[in-house]
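# Examining the three-dimensional arrangement
Here is how the chains run, residue by residue.
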Amino acid sequence: MDKKYFFFDIDGTLTDRKTGEIVPSAQEALNKLQAAGHFVAIATGRAHYKSIDFMNSVGLKNMVCAGGGGLVLDNQLVQNQPLNLADAKALLAQTEALGLGTLLMLDDSIKVYAKNDLFREQVGERREPTEYIIDEALDYEKLTEIYKIYVVISEANEAKLTTKDPLGYVRFMPDYLTIQYDDKYSGIVATINHLKGDLSKVVVFGDDTNDLVMFSPEWTSIAMGNAHSDLKKKADFVTAKNVDDGIYLACQKFGWI
C-alpha cells in the first residue's frame, strides 16, 4: 500500500456550509482512508478549542489547526504557537492610536480580553460563543502570549493597519479582521517532519482562498467543485462539489479507497 498523508479543510470541504454537518460520503471516505492505513488529518484555521470536538466527532486523531500554528498528533496537542509577541504588541499600539476596537485571545478558550468595550460598541457581538473580559488595567506590555487579535476595520480601510503585515491575518467577517496564523502549509510540513514522512505523499483538499497557501507543488492538491476559482486554478485536480460526493469520488478515482 502506497501510504498517503491526507489533510482536509473543514468548512465547505468536509462539511455542508448550509448545515455545518459533515457530508455523509465524506465521512465514509475518511473511514475508508483510515482503514486502508493512510494518515488522515484536518487542516483548519479554527483554534484548537474550536476544532477538537469536530475532529473527535468524525473519528480522526490528527489535526493542523489555528491556521497552521497548532498541531494534534494521535490525540495529543504537540504545538500551539502564539503570535510573534513583538509584532503583536506593535499592532496593538497602532490599533489604539487609530481608535479601533480590539479583542485578544490569550489562551485556548472562548475568552477574549480587552481594555475597553470598543469592539462591541463598534460592531456588536461576535457571531460565535464568546466570553468577554473587559479589564481597564490590562497592560499589553506585560503580556507574554497572544494567540489571536480581532480588530474592527473594514476591508476598504485595512491598508491603514500597516502593522498587520508581519503577522498572518484573514477576513472571515466584513467588519473586522482576525489576526492569526494563516499558514496551513507550514503546519502540514511540521506534521510530516514529526512523522518522518514524505512530503510528496501529501494530499490536500480545500475550497476557499484561505486554502491557497496549502496548495503546494510539492504534493497533490485537490479543489472541491464548489471551490473559489483561484483555488481551482492552482489545483492539480478539481473534483465534484463537496455535497455531490466530491471527496469520495476523488479518493475513488485515484485508488486511495
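Residues numbered from 1 in each chain as written. Predicted model: local features only at pLDDT ≥ 70, side-chain atom pairs only at ≥ 80, totals over all residues. Heavy atoms only, no water.

### Describing the nonpolar core
Residues Phe8, Leu14, Leu30, Ile42, Phe205, Ile247 and Trp256 are the most contacted members of the largest nonpolar core, which totals 29 residues. The set of elements that each furnish at least two residues to this core consists of β1 (5–8), α1 (24–35), β2 (39–43), α2 (48–57), β3 (63–65), β12 (202–206) and α7 (246–253). Each residue touching Leu30, except ones within four places of it in the same chain, is listed here: Phe8, Leu14, Ile22, Val40, Val58 and Leu60. By size, the runner-up hydrophobic cluster in this structure holds 21 residues, among which are Leu71, Ile188, Val189 and Val202. (Core = buried A, V, L, I, M, F, W, Y, C linked by side-chain atoms within 4.5 Å. Buried < 20%, exposed > 50% of the residue type's maximum accessible area, 1.4 Å probe, protein only. Helix = DSSP H or I, 4+ residues; strand = E, 2+ residues; numbered from the N terminus. Contact = heavy atoms within 4.5 Å.)

### Here we look at α2
It helps to recall that an α-helix has 3.6 residues per turn; residues three or four apart then point in one direction. Restricting attention to buried positions, one finds in α2 the residues His48, Tyr49, Ser51, Ile52, Phe54 and Met55. Contacts made by the buried residues of α2 are with β2, β3, β4 (70–73), β5 (76–80) and β6 (102–105). Looking one or two residues past α2, Gly59 carries a phi angle of roughly 80°, positive in sign.

### Description of the pattern of salt bridges
Applying the stated criterion to the full structure yields 16 salt bridges. Here Lys201 and Asp2 are joined by a salt bridge, their closest N and O atoms 3.1 Å apart. Of this pair, Lys201 sits in the loop between α5 (184–195) and β12 while Asp2 is found in the segment before β1, placing the two residues 199 residues apart along the sequence. A salt bridge links Asp165 to Lys164; the nearest nitrogen and oxygen atoms lie 3.3 Å apart. Asp165 gets classed as partly exposed once you look at its relative accessible area, which sits at 48%. Judged by its relative accessible area of 4%, Lys164 falls in the buried class. (Salt bridge = Lys/Arg side-chain N within 4 Å of Asp/Glu carboxyl O.)

### Describing the packing of aromatic side chains
This model, assessed by the stated rule, comprises ten aromatic pairs. Between Phe119 and Tyr176 the ring centres are 5.1 Å apart and the planes differ by 65°, which places this aromatic pair in the edge-to-face class. Of the two residues, Phe119 is situated in helix α4 (residues 118–123) and Tyr176 in strand β11 (residues 176–179); the sequence distance between them amounts to 57 residues. Plain terms: the ring middles of Phe254 and Trp256 are 4.9 Å apart, the flat faces sit at 20° to each other, and that makes the pair stacked. (Phe/Tyr/Trp six-rings, centres within 6.5 Å; stacked < 30°, edge-to-face > 60°.)

### Brief notes about the environment of Glu121
If you trace the backbone, Glu121 turns up in helix α4. Each C-alpha atom of the pair Glu121 and Gly101 lies 8.0 Å from the other, and the pair is 20 residues apart in sequence.

### Things to note about the packing of α1 against α7
Packing of α1 against α7 brings their axes to within 7 Å, and their N-to-C directions diverge by 35°. Residues Ser25, Ala26, Glu28, Ala29, Lys32 and Leu33 of α1 form the contact with α7, whose participating residues are Ile247, Tyr248 and Cys251. Along the lines of polarity and charge, the residues of the contact of α1 with α7 split into six nonpolar, one polar and two charged. (Axes fitted to C-alpha atoms, helices over the stretch in contact; angles between N-to-C directions. Nonpolar A, V, L, I, M, F, W, Y, C, P; charged D, E, K, R; others polar.)

### Side note on the sheet that holds β5
Overall, mixed pairing links the eight strands, which are arranged β5-β4-β3-β2-β1-β12-β13-β14 in an open sheet. Across the chains shown, the open sheet's two edge strands, defined by having one partner strand only, are β5 and β14 (237–238). In this structure, β12 lies alongside strand β13 (residues 220–223), joined through four bridges in parallel fashion. Across the sheet, the residue bridging to Val203 is Thr220, located in β13. Here α2 sits on the sheet and contacts β2, β3, β4 and β5; the angle it forms with β3, its principal contact strand, is near 155°. (Pairing = 2+ DSSP bridges.)

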